[in-house]
Amino acid sequence: MADHNRTLGKWGEETAAAHLLARGYTILARNARTPYGELDLVATDGRVTVFVEVKTRATTAFGPPEAAVTPRKQAHLLAAAEAYLQAHPEAPGDWRVDVVAIQRRPAPQAPEIVHFENAIS
């Protein structure tokens, strides 16, 4: 089960990165580690640093992917983003946290991707 979840998560992060690149974002880091946890993707959208949490689901049995971004997870994301910014003073001053929710579909259907900009403030 752990291997399946790891494989699904990696696929989701790759799918989210491709989604962001297609929309003009630049990916700065993947799986950036901080003392407060890992940031799935760090990107820029123009002059804004964007910390992206990717949630991927293979089924809807446990609800939509974005439902997994709990208040506790949100607090960890904000702390991790602030730690990243302190460690990278070259990053643009404006920043936000986005969530990219991906629901995998049976082949040959494309996955459903929902991008929540500025999802946590």
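Reading the values: rules and limits
Residues numbered from 1 in each chain as written. Predicted model: local features only at pLDDT ≥ 70, side-chain atom pairs only at ≥ 80, totals over all residues. Heavy atoms only, no water. Pairing = 2+ DSSP bridges. Helix = DSSP H or I, 4+ residues; strand = E, 2+ residues; numbered from the N terminus. Axes fitted to C-alpha atoms, helices over the stretch in contact; angles between N-to-C directions. Contact = heavy atoms within 4.5 Å. Expected span 1.5 Å × (residues − 1). Buried < 20%, exposed > 50% of the residue type's maximum accessible area, 1.4 Å probe, protein only. 1 Å grid on protein atoms, 1.4 Å probe; cavity = no way out; pocket = protein on both sides within 12 Å on 5 of 7 lines; lining within 4 Å. Points joined across faces, edges and corners; volume = space filled by probe spheres on them. Nonpolar A, V, L, I, M, F, W, Y, C, P; charged D, E, K, R; others polar.

1. Focus: the sheet that holds strand β1 (residues 26–34)
Reasoning step 1: With mixed pairing, the five strands of this open sheet are ordered in space as β1-β2-β3-β4-β5. Lying at the two open borders of the sheet, with one neighbouring strand each, are β1 and β5 (112–120). Within the sheet, the average angular offset between the axes of one strand and its neighbour, ignoring direction, is 30 degrees.
Reasoning step 2: With ten bridges connecting them, strand β3 (residues 48–57) and strand β4 (residues 94–103) associate as parallel partners. Residue pairing for β4: threonine 49 is matched across the bridge by tryptophan 95.
Reasoning step 3: Sitting on the sheet, helix α1 (residues 2–22) touches β1, β2 (37–45), β3, β4 and β5, and the angle it makes with β3 is about 140 degrees.

2. Points about helix α2 (residues 71–87)
Reasoning step 1: Under the 1.5 Å per step criterion, the end-to-end length of α2 is 24 Å for 17 residues, consistent within 8% with the ideal 24 Å.
Reasoning step 2: Residues of α2 that are buried include every one of Leu77, Ala80, Ala81, Ala83, Tyr84 and Leu85, and no others.
Reasoning step 3: Its buried side turned inward, α2 meets β1, β2, β3, β4 and β5.

3. Description of the layout of surface pockets
Reasoning step 1: Of the volumes computed, that of the largest pocket is approximately 370 Å³.
Reasoning step 2: Lining the largest pocket are 17 residues, with Asn5, Leu8, Gly9, Thr56 and Arg57 positioned closest to its centre.
Reasoning step 3: Of all the secondary structure elements, the ones that give two or more residues to the lining of the largest pocket are α1, β2 and β3.
Reasoning step 4: Taken together, the residues of the lining of the largest pocket sort by class into five nonpolar, five polar and seven charged.

Fair warning: the whole summary comes from geometry, so function is off the table for now.
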